[in-house]
Protein chains: 2
Amino acid sequence: MENKVTPDKNTEMPDLEVLFDLADLFKVFGDSTRIRIMFTISDREMSVLNIAEALKMEQSTISHQLRVLRQNKLVRVRREGKQIYYSLDDDHVKKIIEMGLDHVLE
Amino acid sequence: MENKVTPDKNTEMPDLEVLFDLADLFKVFGDSTRIRIMFTISDREMSVLNIAEALKMEQSTISHQLRVLRQNKLVRVRREGKQIYYSLDDDHVKKIIEMGLDHVLE
DNA sequence: TGTTCATATGATTATGTGTTCATATGTTAA
DNA sequence: TTAACATATGAACACATAATCATATGAACA
């Protein structure tokens, strides 16, 4: 059983700076447009325009949000000719979303 | 090995409403004051004043943020006389934070 | 080179949000 | 009851942020 009380393993408070980084990370997940983008590219990489079309949103809006995702290393970028393809950076990202989904759906 | 490509298990996009709820949930984690509160009460329940003292912040500020945590069912509340004790609602919360920490610390 | 297409970026605007101050609510004990 | 204490709440303000429009950058190809 995993859910028994564990008084030993006391979660020590990380440095303030780490806590700020942590909040900043979750802030990125805290926007529905970015969440939708992440779902959209979770299976396969997609170009900016394709994402915009899939979500029926402005190319500019998507581009702005992709930048946020990029800056936080949540997406991977690959250029091929004129288009730039985005995909999720690693399984980490998926796992964070899944954890959140669990909470929301329960 | 876990990290091989799995083209079958395509993460289906949940309903828009769920995605909004998901973003809203992460929004709650996206504030350093709330993150610090959650760390503060992760080991043991604490009263509002104690939390405020621990974080050297106004009682009012803590109270406002505790309300947000309450509304999102992330904390548990117990009254004992004049004081009200807060603790994390379940291990879920801890796990979400830990996932985030993993990403931040890597 | 000039044109077209895909993406990125800057400025603006509207909206959301965290903190503070002042005060209200509610509990305990005299 | 009243006083003292703990917590919650409302209003105000300062600040952050997402979407939009217009435009810039950069690649491909005639």
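Remember, predicted model here, so these are calculated numbers, not experimental data.

Draft legend 1. Quick peek at the sheet that holds strand E2 (residues 75-80) of chain A. Residues and elements named next belong to chain A. In spatial order, the strands read E1-E3-E2; together these three strands make up an open sheet with antiparallel pairing. Strand pairing shows two members of the sheet lacking a second neighbour, strand E1 (46-47) and E2, which therefore form its edges. Relative to strand E3 (residues 83-88), E2 runs antiparallel, the two being bridged by six bridges. By the bridge assignment, Arg76 is partnered in E3 with Ser87.

Draft legend 2. Broad picture of the protein's contact with DNA strand D. In the region of DNA strand D, 26 residues are neighbours, and Thr33(A), Ser60(A), Ser63(B), His64(B) and Tyr86(B) sit closest. Measuring from a base oxygen of DNA strand D, one finds a side-chain N or O atom of Ser60(B) at 2.9 Å. Mapped onto the surface near DNA strand D, the elements with two or more residues apiece are helix H2 (32-40) and helix H4 (59-71) of chain A together with helix H3 (48-55), helix H4 (59-71) and strand E3 (83-88) of chain B. The leading source of residues in the surface near DNA strand D is H4(B), at six residues. Tallied by class, residues from the surface near DNA strand D come to five nonpolar, twelve polar and nine charged.

Draft legend 3. Broad picture of unusual backbone geometry. Residue and element names in this part refer to chain B. Look at Lys56: it is not a glycine, yet its phi comes out positive at around 55°. Within the fold, Lys56 resides in the loop between H3 and H4. Unlike most non-glycine residues, Lys73 shows phi in positive territory, near 55°. Summarising the element assignment, Lys73 is placed in the loop between H4 and strand E2 (75-80). Taking relative accessible area as the criterion, Lys73 reaches 60% and is therefore assigned exposed.

Draft legend 4. How the structure looks around the environment of Met99(A). Counting through the fold element by element, Met99(A) comes out in helix H5 (residues 91-105). Of the residues examined, Met99(A) reaches a relative accessible area of 17% and is grouped as buried. Beyond its immediate sequence surroundings of up to four residues, Met99(A) is in contact with His92(B), Lys95(B), Ile96(B) and Met99(B).

Draft legend 5. Region of the structure containing the protein's contact with DNA strand C. For DNA strand C, the set of nearby residues contains 26 residues, the closest of which are Ser63(A), Tyr86(A), Thr33(B), Arg34(B) and Ser60(B). Atoms of DNA strand C within 4 Å of the protein belong to the sugar or the phosphate in 67% of instances, the rest to bases. Within the contact set of DNA strand C, a base oxygen lies 2.8 Å away from a side-chain nitrogen or oxygen of His64(A). Listed by contribution, the elements that provide at least two residues to the surface near DNA strand C are helix H3 (48-55), H4 and E3 of chain A together with helix H2 (32-40) and H4 of chain B. Examining the composition of the surface near DNA strand C, we find that six residues originate from one element, H4(A), more than from any other. Residues of the surface near DNA strand C, tallied by class, amount to five nonpolar, twelve polar and nine charged.

Draft legend 6. Here's a closer look at the relation of the copies chain A and chain B. Once turned by 180° and shifted 0.0 Å along the axis, chain A lies on chain B with an RMSD of 0.0 Å. Both chain copies can therefore be described as sitting about a two-fold axis. Same-surface contact between copies: 100% of interface residues of chain A are shared with the interface of chain B.

Calculation rules
- Residues numbered from 1 in each chain as written.
- Chains lettered and ligands numbered in written order.
- Predicted model: local features only at pLDDT ≥ 70, side-chain atom pairs only at ≥ 80, totals over all residues.
- Heavy atoms only, no water.
- Pairing = 2+ DSSP bridges.
- Helix = DSSP H or I, 4+ residues; strand = E, 2+ residues; numbered from the N terminus.
- Near = heavy atom within 4 Å.
- Polar contact = N/O pair within 3.5 Å; in protein donor to acceptor, adjacent residues only side chain to side chain.
- Nonpolar A, V, L, I, M, F, W, Y, C, P; charged D, E, K, R; others polar.
- Buried < 20%, exposed > 50% of the residue type's maximum accessible area, 1.4 Å probe, protein only.
- Contact = heavy atoms within 4.5 Å.
- Least-squares fit on C-alpha atoms with pLDDT ≥ 70 in both.

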